[in-house]
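In case you want the letters, here they are:
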Amino acid sequence: MLKSIAASLSAERAAMAFVILASALVGRQAAIGMDTAQGLSGLAAILGSSMLVVMVRTWPKPERIRVKAHRDDDYSA
């Protein structure tokens, strides 16, 4: 249980760090000077990283399925 919580927290933090990093890089390049294609590509990078955060936060956890196992241990035949 604790392992699952730690993994989800680290995934959320990594995704948020990715958004901050992408925004900082695009902002720095925009301050230097970008043309229209570069600006649109930077915007797509920021939106893509933001969508990653949304997916990490809302992705459903896998459900466990109970399966009845049939053992065939009858060696008397």
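Basis of the calculations
- Residues numbered from 1 in each chain as written.
- Predicted model: local features only at pLDDT ≥ 70, side-chain atom pairs only at ≥ 80, totals over all residues.
- Heavy atoms only, no water.
- Helix = DSSP H or I, 4+ residues; strand = E, 2+ residues; numbered from the N terminus.
- Polar contact = N/O pair within 3.5 Å; in protein donor to acceptor, adjacent residues only side chain to side chain.
- Contact = heavy atoms within 4.5 Å.
- Patch = residues over 30% accessible without salt bridge, like charges linked within 9 Å, V, L, I, M, F, W, Y side chains within 5 Å.
- Areas by Shrake-Rupley, 256 points an atom, 1.4 Å probe, with all protein chains shown as cover.
- Salt bridge = Lys/Arg side-chain N within 4 Å of Asp/Glu carboxyl O.

With respect to the helices, strands and loops of the structure, Ser8 is situated in helix H1 (residues 2-32). Expressed as a C-alpha distance, the spacing of Ser8 and Arg57, which sit 49 residues apart in the sequence, is 8.6 Å.

Moving on: the side chain of Ser49. You can see Ser49 is positioned in helix H2 (residues 36-58). Only 2.9 Å separates the side chain of Ser49 from the backbone oxygen of Ile46, close enough to count as a polar contact. Residues within four places of Ser49 in sequence aside, it is in contact with Phe18, Val19 and Ala22.

There is a patch of nonpolar side chains on the surface, built from Phe18, Leu52, Met55 and Trp59 and spanning about 440 Å² of accessible area. Within the secondary structure, Leu52 sits in helix H2.

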